[in-house]
Amino acid sequence: LTTEDKFKISLCKFFVQYLNEHKMKPIDLHKITGIEQSRISEILHYKISKFTIDKLLGWLRVLGQHSAKIKEHIRFLEEAMEMPMMTVERTKKLTRDIKKYSIPRSFA
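Residues numbered from 1 in each chain as written. Predicted model: local features only at pLDDT ≥ 70, side-chain atom pairs only at ≥ 80, totals over all residues. Heavy atoms only, no water.

(A) Layout of the pattern of salt bridges. Inspection of the entire model under this criterion finds eight salt bridges. A salt bridge links Glu4 to Lys8, with the nearest nitrogen and oxygen atoms 3.6 Å apart. Of this pair, Glu4 and Lys8 both sit in helix H1 (residues 3-21), separated by four residues, roughly a single helical turn. By relative accessible area, Lys8 is classed as buried at 6%. Arg61 serves as the salt-bridge partner of Glu78, at 3.1 Å between the closest nitrogen and oxygen. Of this pair, Glu78 sits in helix H5 (residues 68-82) while Arg61 sits in helix H4 (residues 53-64), and the two are 17 residues apart along the sequence. Overall, Glu78 belongs to the partly exposed group, its relative accessible area being 30%. Among the charged side chains, a network of salt bridges with common partners joins Arg39, Glu42 and Lys50. (Salt bridge = Lys/Arg side-chain N within 4 Å of Asp/Glu carboxyl O. Helix = DSSP H or I, 4+ residues; strand = E, 2+ residues; numbered from the N terminus. Buried < 20%, exposed > 50% of the residue type's maximum accessible area, 1.4 Å probe, protein only.)

(B) Main features of the packing of aromatic side chains. Enumeration over the complete set of coordinates arrives at one aromatic pair. Centre to centre, the rings of Phe51 and Trp59 are 5.2 Å apart; their planes meet at 80°, and the pair counts as edge-to-face. An identical accessibility class is assigned to Phe51 and Trp59; each is buried. (Phe/Tyr/Trp six-rings, centres within 6.5 Å; stacked < 30°, edge-to-face > 60°.)

This is how it looks when you write it as structure tokens:
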């Protein structure tokens, strides 16, 4: 799977988890979000080729109005997207430093 596909799947999981946690049926999800029933079915069956990441995020924002957990996750994603990118050299140095100062597994 591509990174984009994995991201889409992770977004679809929120819909599945929400349904399971609230013991709802897809029709109930349609009623609270206004998302078409056919689209909800496609989301729940991970038919990710039918959607863009933007579309899934938009629908997830709607669902986030009914779930603090989802709303918090969306906020985290938005903050992560605003963070500056590090150079390759800086990333490698940070990785080396983390390895250098981390506790060896035999002592953990």
